[in-house]
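# Architecture at a glance
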Amino acid sequence: MYTQMVDVEAAGAASDEQRRFDEKLDRGVTIEPKDWMPEAYRKTLVRQISQHAHSEIVGMLPEGNWITRAPSLERKLILLAKVQDEAGHGLYLYSAAETLGVARDELTEALLSGRAKYSSIFNYPTLTWADVGAIGWLVDGAAIINQIPLTRCSYGPYARAMTRICKEESFHQRQGFDVMVKLCAGTAPQKAMAQDALDRWWWPAVMMFGPPDSASPNSEQSMHWKIKLFSNDELRQRFIDQTAPQADALGLVIPDCELRWNEARGHYDFGAVDWDEFYRVVRGDGPCNRDRLRARVDAWEEGAWVREAALAHAEKRTRRA
Amino acid sequence: MTSTTRLDPLIEYLLRFGDTALVLGQQLGAWTGHAPILEEDLALTNVALDLVGEARAWLSHAGEREGLERDEDALAFSRGDREFHNVLLVERPNGNFADTLGRQFLFDAWHVLALEQLSASSDGRIAALARKVRKEAAYHARRSADWVVRLGDGTETSKARMQAALAALWPYVGELFEGDDVDAEMVARGIGFDPAALREPWSRGVGAVLAEATLVQPSEGWMQRGGKRGLHSEHLGYLLAEMQSVRRSVPGDLW
Ligand SMILES: [Fe+2]
Ligand SMILES: [Fe+2]
């Protein structure tokens, strides 16, 4: 479906508009909302940005699960602020998507009906306090590696949203790492909790970069459009190279017996990823897919009367004015 | 059974403000990720952040004055419900959005007035703290009043829910204005204020908002009391069990 659209576009014999668009891509000039753009480019961006927005929103749930149980008042504040940041990221990204002519309500509807995807990592449960540390360290860490290149992507509003978001994600990453530092320097049960969290979150975090390049059909077109700047496997390697020494520093063991530094490659070698698990979770059979979506649907449906009241009140105001 | 040995009145006084802010902040934190609209996830979390921040300040001050090496976290996570001194209003359950915003509105209107009084405290640290959080509280009060008006003068459903929320919360407002020996001593020492003095300005402010919201002020009936002295409703035990669970089940000093 998607490749077909690309073909139609190409068949439309490079119009002047198309030539100007290509030229901008070549020169690294950003595409702005009012500029002409190929329909397939617009659609791909809407999909990518809205999936990203949905991930921020669903991503509030696993960590939000620990707000009421954070083990110190300072940690409670940090976690509240972090989850609030994710809501803010969702808002910027929905606004960026709106510049492409889709309304936030339409996108929300796509999420709630199960049609739209969001990052699979959030379909895993947060079982202990250490999961809050592991998510900040690994998941926000992986998100940064994914997103920093996007601050230079071809679509202006998306690139600018990414710049803002990446700054906050790097706070989250440091705060998460700090939770792990405290747990690893603490009592034996605290350290065991940290190791258990790493054991459960490591592979899902490695999968966050998406399927291997050999199985990633849309990548080439997105790279040409500069809405993807590095391949999934390149980013995954970068994440592992960055994270392995951090685990060493914490005194934790990454649950991959094939993980070792390869001097010749200048990178860590690592074991095989269980892509069956990845596709299973993407298809809806992760441990929390149904619960996550249910929580979002409940919030939306139970809040309907509040949104209606706000609207009704605003209308009364306008009529009276 | 009494609520442990009586504390120094100043410590108990500080704990009343700290615990009240903490319990309400804790409750609002449970909304994060579940609000009716994304903007409200942000806003409710903001209020939770302010209140937990305020609680930290009161509790660490209480801990320092007490001199028993109990810091803010020891006070928040190691006391049982009979040792908490928050007013009953803030431990009413979140319920629906009208229940939460109704509770917030009734509390905020009092909070602003209380902080105004404390800004003139003879205790410099209390006065400084009250002045610092007063602006936040004033903002919360505008926001919650705004929601009461929108829900009251919104749809039939929202009006009914807001009216029901007020009726359920009303028996818990009396305690806000009831003084006891601790209050009396704080007044005598120039540290605190007479709660009864806030009643009139509170009623005026709340009444004006309810009128704009086309809501009826519930009739005065029996008022529940006890929170300030450590005698709570059943809700607080669960709230604390949840809040304190990690700290109580896993040994560790640093988190
Ligand atoms: Fe984010
Ligand atoms: Fe984040």
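As the structure is a prediction and not an experimental result, all values here were calculated from the model.

## Describing the overall build of chain A
- Along the backbone of chain A there are 14 helices and two strands.
- Compactness check: chain A gives a C-alpha radius of gyration of 21 Å against a globular reference of 20 Å for 321 residues, within 12% of the reference.
- Split into buried and exposed, the 321 residues of chain A put 55% on the buried side.
- Long-range contacts, defined here as pairs at least 24 residues apart, represent 77% of the contacts in chain A between residues at least 6 apart.
- Accessible surface computed for chain A: about 14,300 Å², of which carbon and sulfur atoms make up 54%.
- Charge centroids of chain A, computed over 40 positive and 46 negative side chains, lie 6 Å from each other.

## Examining the coordination of the iron ion (ligand 1)
Residue and element names in this part refer to chain A.
- Bound to the iron ion (ligand 1) on the protein side are Glu56 (OE), Glu86 (OE), His89 (ND1) and Glu169 (OE), at distances that span 1.9 to 2.2 Å.
- Between the iron ion (ligand 1) and the iron ion (ligand 2), the interatomic distance is 3.5 Å, and glutamate 86 donates to each metal, bridging them. With histidine 89 in helix α5 (residues 73-98) and glutamate 169 in helix α8 (residues 156-184), the pair connects residues that are 80 residues apart, well separated along the chain.
- What makes histidine 89 buried here is its relative accessible area of 0%.

## Concerning the packing of helix α1 (residues 9-29) of chain B against helix α7 (residues 181-188) of chain B
Residues and elements named next belong to chain B.
- Contact geometry of α1 with α7 gives a least axis separation of 9 Å together with a crossing angle of 105°. Between α1 and α7, the angle falls in the class roughly perpendicular. Of α7, the residues touching α1 (which contributes Pro9, Leu10, Glu12, Tyr13 and Arg16) are Val182, Asp183, Glu185 and Met186.
- The residue makeup of the contact of α1 with α7, split by class, is five nonpolar, no polar and four charged.

## Some thoughts on the interface of chain A and chain B
- Between chain A and chain B, the residue contacts involve 47 residues of the former and 50 residues of the latter.
- Of the roughly 4,100 Å² buried between chain A and chain B on both sides combined, carbon and sulfur atoms contribute 68%.
- When the area that chain A buries against chain B is broken down by residue, the three leading residues are A:Leu73, A:Gln84 and A:Trp305, summing to 19%.
- Our count for the chain A to chain B interface comes out at four salt bridges.
- The interface formed by chain A and chain B includes 18 residue pairs in polar contact (both at pLDDT 80 or more).
- Going through the elements one at a time, α4 (60-64), α5, α8, α9 (188-207), α13 (289-302) and α14 (304-320) of chain A are the ones with two or more residues in the side of chain A that touches chain B.

## Points about the environment of B:Leu118
Residues and elements named next belong to chain B.
- Locating leucine 118 in the fold gives a position in helix α4 (residues 97-118).
- Exposure remark for leucine 118: the relative accessible area of 1% places this residue in the buried category.
- Taking the C-alpha atoms as reference points, leucine 118 and glutamine 27, 91 residues apart in sequence, are found 25 Å from one another.
- Setting aside residues up to four positions removed in sequence, leucine 118 forms contacts with Tyr13, Phe17, Trp58, Ile126, Ala127, Ala130, Ile191, Gly192 and Phe193.

## Digging into the confidence of the model for chain A
- In this model, chain A carries an average pLDDT of 95, and 96% of its residues clear a pLDDT of 70 or more.
- Counting contacts from residues 1-6 of chain A, a segment whose pLDDT is below 50, to residues more than four positions away or on other chains yields ten contacts.

## What to know about the coordination of the iron ion (ligand 2)
Residues and elements named next belong to chain A.
- Around the iron ion (ligand 2), the protein contributes the donor atoms Glu86 (OE), Asp140 (OD), Glu169 (OE) and His172 (ND1), at 1.9 to 2.2 Å from the metal centre.
- Its four donor atoms give the iron ion (ligand 2) angles of 89 to 144° at the centre, a pattern that matches the irregular case.
- Mapping the donors of the iron ion (ligand 2) onto the primary sequence gives the spacing E-x53-D-x28-E-x2-H.
- A relative accessible area of 2% means that histidine 172 is categorised as buried.

## Here we look at helix α12 (residues 275-285) of chain A
Residue and element names in this part refer to chain A.
- If you check which residues of α12 are buried, you get Trp275, Phe278, Val281 and Gly284.
- Looking at the buried residues of α12, the elements they touch are α9, α11 (232-250) and α13.
- Between the side-chain oxygen at the start of α12 and the backbone nitrogen of aspartate 276 there is a gap of 3.2 Å, and the oxygen is on aspartate 274.

## Examining the packing of aromatic side chains
- The final tally for this structure, using the stated rule, is 19 aromatic pairs over all chains.
- Between the aromatic rings of A:Tyr41 and A:Trp225, the centroid separation amounts to 5.6 Å while the plane-to-plane angle is 80°, which identifies the pairing as edge-to-face. Of this pair, A:Tyr41 sits in helix α3 (residues 39-58) while A:Trp225 sits in the loop between α10 (219-224) and α11, and the two are 184 residues apart along the sequence. For the pair A:Tyr41 and A:Trp225, a shared accessibility class is recorded, and that class is buried.
- Centroid distance B:Trp170 to B:Trp202: 5.7 Å. Interplanar angle 40°. Geometry classified as tilted. In this pair, B:Trp170 sits in the loop between α6 (156-169) and α7 while B:Trp202 sits in helix α8 (residues 199-212), placing the two residues 32 residues apart along the sequence.
- By relative accessible area, B:Trp202 is classed as buried at 1%.
- One Lys or Arg, A:Arg238, reaches over the ring of A:Phe230 and ends 4.4 Å from the middle of that ring.

## As for unusual backbone geometry
Residue and element names in this part refer to chain B.
- Although it is not a glycine, glutamate 69 adopts a positive phi angle of roughly 60°.
- Tracing the sequence through the fold places glutamate 69 in the loop between α2 (38-66) and α3 (72-77).
- Take glutamate 69: its relative accessible area is 80%, and that puts it in the exposed class.
- Non-glycine residue threonine 214 carries a positive phi angle of around 55°.

## Considerations on the side chain of A:Gln195
Residues and elements named next belong to chain A.
- Note that glutamine 195 resides in helix α9.
- Exposure remark for glutamine 195: the relative accessible area of 18% places this residue in the buried category.
- Polar side-chain contacts of glutamine 195 include one of 2.7 Å to the backbone oxygen of valine 253.
- In this view, glutamine 195 contacts Leu252 and Val253; residues no more than four positions away in its chain are not counted.

## As for the packing of helix α6 (residues 104-112) of chain A against α13(A)
Residues and elements named next belong to chain A.
- Here α6 crosses α13 at 135°, and the two axes come no closer than 10 Å. Of the possible angle classes, the one that applies to α6 and α13 is oblique. Contacts between α6 and α13 pair Asp105, Thr108, Leu111 and Leu112 from the former with Leu293, Arg296, Val297 and Trp300 from the latter.
- Each residue belonging to the contact of α6 with α13 can be placed in one class, and the counts come to five nonpolar, one polar and two charged.

## Focus: the side chain of B:Ser158
- Looking at where B:Ser158 falls in the secondary structure, it is placed in helix α6.
- Not counting residues up to four positions away in its chain, the partners in contact with B:Ser158 are A:Trp305, A:Ala309, B:Arg150 and B:Leu151.

## Things to note about the pattern of salt bridges
Residues and elements named next belong to chain B.
- For the coordinates displayed, the defined rule picks out 39 salt bridges over all chains.
- The salt bridge partner of aspartate 19 is arginine 79, with a shortest N-O separation of 2.7 Å. One end of the pair, aspartate 19, is in helix α1; the other, arginine 79, is in the loop between α3 and α4, with 60 residues separating them in the sequence.
- Look at arginine 79 and you get buried, because its relative accessible area is 1%.
- Its salt-bridge partner being glutamate 40, residue arginine 143 comes within 3.0 Å of it at the nearest N-O pair. One end of the pair, arginine 143, is in helix α5 (residues 124-152); the other, glutamate 40, is in helix α2, with 103 residues separating them in the sequence.
- Salt bridges here are not isolated pairs; linked through shared partners, they connect Arg6, Glu12, Arg16, Asp180, Asp181, Asp183, Lys228 and Arg229.

Parameters and conventions
- Residues numbered from 1 in each chain as written.
- Chains lettered and ligands numbered in written order.
- Predicted model: local features only at pLDDT ≥ 70, side-chain atom pairs only at ≥ 80, totals over all residues.
- Heavy atoms only, no water.
- Helix = DSSP H or I, 4+ residues; strand = E, 2+ residues; numbered from the N terminus.
- Rg over C-alpha atoms; globule rule 2.2 N^0.38 Å.
- Buried < 20%, exposed > 50% of the residue type's maximum accessible area, 1.4 Å probe, protein only.
- Contact = heavy atoms within 4.5 Å.
- Areas by Shrake-Rupley, 256 points an atom, 1.4 Å probe, with all protein chains shown as cover.
- Lys, Arg positive; Asp, Glu negative; His and termini not counted.
- Charge placed at Lys NZ, Arg CZ, Asp CG, Glu CD.
- Donors = N, O, S within 2.8 Å, 3.2 Å for Na, K, Ca; no water.
- Axes fitted to C-alpha atoms, helices over the stretch in contact; angles between N-to-C directions.
- Parallel < 35°, antiparallel > 145°, perpendicular 65-115°, else oblique.
- Nonpolar A, V, L, I, M, F, W, Y, C, P; charged D, E, K, R; others polar.
- Buried area = accessible area lost by both parts, 1.4 Å probe.
- Salt bridge = Lys/Arg side-chain N within 4 Å of Asp/Glu carboxyl O.
- Polar contact = N/O pair within 3.5 Å; in protein donor to acceptor, adjacent residues only side chain to side chain.
- pLDDT = per-residue confidence, 0-100.
- Tetrahedral: all angles 85-135°; square planar, octahedral: opposite > 155°, others 65-115°.
- Phe/Tyr/Trp six-rings, centres within 6.5 Å; stacked < 30°, edge-to-face > 60°.
- Lys NZ or Arg CZ within 6 Å of the ring centre and 35° of its normal.

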